[in-house]
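What follows is each chain in one-letter form.
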Amino acid sequence: MPARGFAALALLACTSAGAAPGNALERRASVDDLLPAAQAFDLMPIERRGAQLHLSWNIAPGYYLYRQRIRVELLGPTAAGLRPIRLPQGIDHVDEHFGAVQIYRGLLEAEVPLNLPAAAAQQALRLRVSFQGCADAGVCYPPQTLTQTLNP
C-alpha cells in the first residue's frame, strides 16, 4: 500500500464519528486533502538559548495542537536535566474524546529551562519532543515524536 494510502487509512481510523461529513466516501475524500503531520504541525529546529531551550511550531490554518499532549524529554547526557516546559495559555476547547482541553493555533512558542551542571554545559543534548493535534475537519493525527540533537 502506498505511504499516502496508509496515512489516509490511519487518519481515517482516528476520525471522530459524526465529526466528518456524510458517508465513508466523503470522509475518505476529506482525509486525502489533509496535510501531512510535518506540515500541519511544523516544529522548527529547537534553539539552545543560554540556560533554556526554545521551541516553536507553525501550526497550519485549520489545524490545532493539544496543550496537554506536548512533551519534551532529555535523552542525554544523563548529567543534564530539564525543568517543566513553559507553555502559554491555550484556547479552551471541548473535545469529544479528551473533554475540556486547551489547544494552540498559528504560532506556538515554548521554553524549557535547562538544569546543566558545568560538566554537561559543553555536551550535545539529545531531545525527544512529542505532540498531538487534529484538523478542524474532525480528524486527529496519531501522536508525533521527533528526536533532535543540539550541539553546545
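Residues numbered from 1 in each chain as written. Predicted model: local features only at pLDDT ≥ 70, side-chain atom pairs only at ≥ 80, totals over all residues. Heavy atoms only, no water.

*Asks:* Which residues make up the sheet that holds strand β4 (residues 63-66), and what are the values?
*Replies:* Overall, antiparallel pairing links the five strands, which are arranged β7-β8-β4-β11-β12 in an open sheet. Of all the strands in the sheet, just β7 (91-95) and β12 (139-140) have a single pairing partner and so form its edges. Where β4 and strand β11 (residues 133-135) come together, three bridges link them in antiparallel fashion. Residue pairing for β11: Leu65 is matched across the bridge by Gly133. (Pairing = 2+ DSSP bridges. Helix = DSSP H or I, 4+ residues; strand = E, 2+ residues; numbered from the N terminus.)

*Asks:* Give a detailed account of the side chain of Asp95, specifying residues and quantitative values.
*Replies:* Position of Asp95 among the secondary structure elements: in strand β7. This buried residue, Asp95, is left without a salt bridge; Arg69 holds the nearest opposite charge, at 9.1 Å. Polar side-chain contacts of Asp95 include one of 2.5 Å to the side chain of Tyr66. In this structure, Asp95 is in contact with Tyr64, Tyr66 and Val101, ignoring residues within four places of it in sequence. (Buried < 20%, exposed > 50% of the residue type's maximum accessible area, 1.4 Å probe, protein only. Lys, Arg positive; Asp, Glu negative; His and termini not counted. Salt bridge = Lys/Arg side-chain N within 4 Å of Asp/Glu carboxyl O. Polar contact = N/O pair within 3.5 Å; in protein donor to acceptor, adjacent residues only side chain to side chain. Contact = heavy atoms within 4.5 Å.)

*Asks:* With reference to specific residues and values, describe the packing of aromatic side chains.
*Replies:* Evaluation of the coordinates by the stated rule reveals six aromatic pairs. Taking 6.1 Å as the distance between ring centres and 85° as the angle between the ring planes, the aromatic pair formed by Phe41 and Tyr63 counts as edge-to-face. Of this pair, Phe41 sits in strand β1 (residues 41-43) while Tyr63 is found in strand β4, placing the two residues 22 residues apart along the sequence. Accessibility expressed as a relative area gives 7% for Tyr63, which makes it buried. (Phe/Tyr/Trp six-rings, centres within 6.5 Å; stacked < 30°, edge-to-face > 60°.)

*Asks:* Describe the pattern of salt bridges, and please don't skip the residues or the numbers.
*Replies:* Using the criterion set out here, one finds three salt bridges in the structure. With its nearest N and O atoms 2.9 Å apart, the salt bridge here joins Arg49 to Glu47. Residue classification places Arg49 among the partly exposed residues on the basis of a relative accessible area of 41%. Ionic pairing is found between Arg128 and Glu73, a salt bridge with its closest N-O pair at 3.3 Å. On the criterion of sequence distance, the pair formed by Arg128 in strand β10 (residues 125-131) and Glu73 in strand β5 (residues 71-76) is long-range, its members being 55 residues apart. Classification of Glu73 as partly exposed rests on a relative accessible area of 34%.

*Asks:* Give me the lowdown on the confidence of the model for the protein chain, citing residues and values where you can.
*Replies:* A residue-level look at the protein chain finds 79% of positions with pLDDT of 70 or above and a mean pLDDT of 82. In this model, residues 1-29 is a region of pLDDT below 50 whose contacts with residues beyond four sequence positions or in other chains number 34 contacts. (pLDDT = per-residue confidence, 0-100.)

*Asks:* Outline the state of the cysteines, listing residues and values.
*Replies:* Disulfides are covalent bonds that connect the sulfur atoms of two cysteines. Under the criterion given, the structure shown has one disulfide. Residue Cys134 pairs covalently with Cys140 via a disulfide, S to S 2.1 Å. Between Cys134 and Cys140, the S-S dihedral sits near 95°, and the bridge is therefore right-handed. (Disulfide = S-S within 2.5 Å.)

*Asks:* I'd like a rundown of the sheet that holds β5, residues and numbers included.
*Replies:* With antiparallel pairing, the three strands of this open sheet are ordered in space as β5-β10-β13. Looking at strand neighbours, the two that pair on one side only are β5 and β13 (144-150), the edges of this open sheet. The mean angle between the axes of side-by-side strands here comes to 25°, regardless of whether they run parallel or antiparallel. Pairing analysis gives seven bridges linking β10 to β13, with the strands arranged antiparallel. Its bridge partner being in β13, Leu125 is matched across the sheet by Leu150. (Axes fitted to C-alpha atoms, helices over the stretch in contact; angles between N-to-C directions.)

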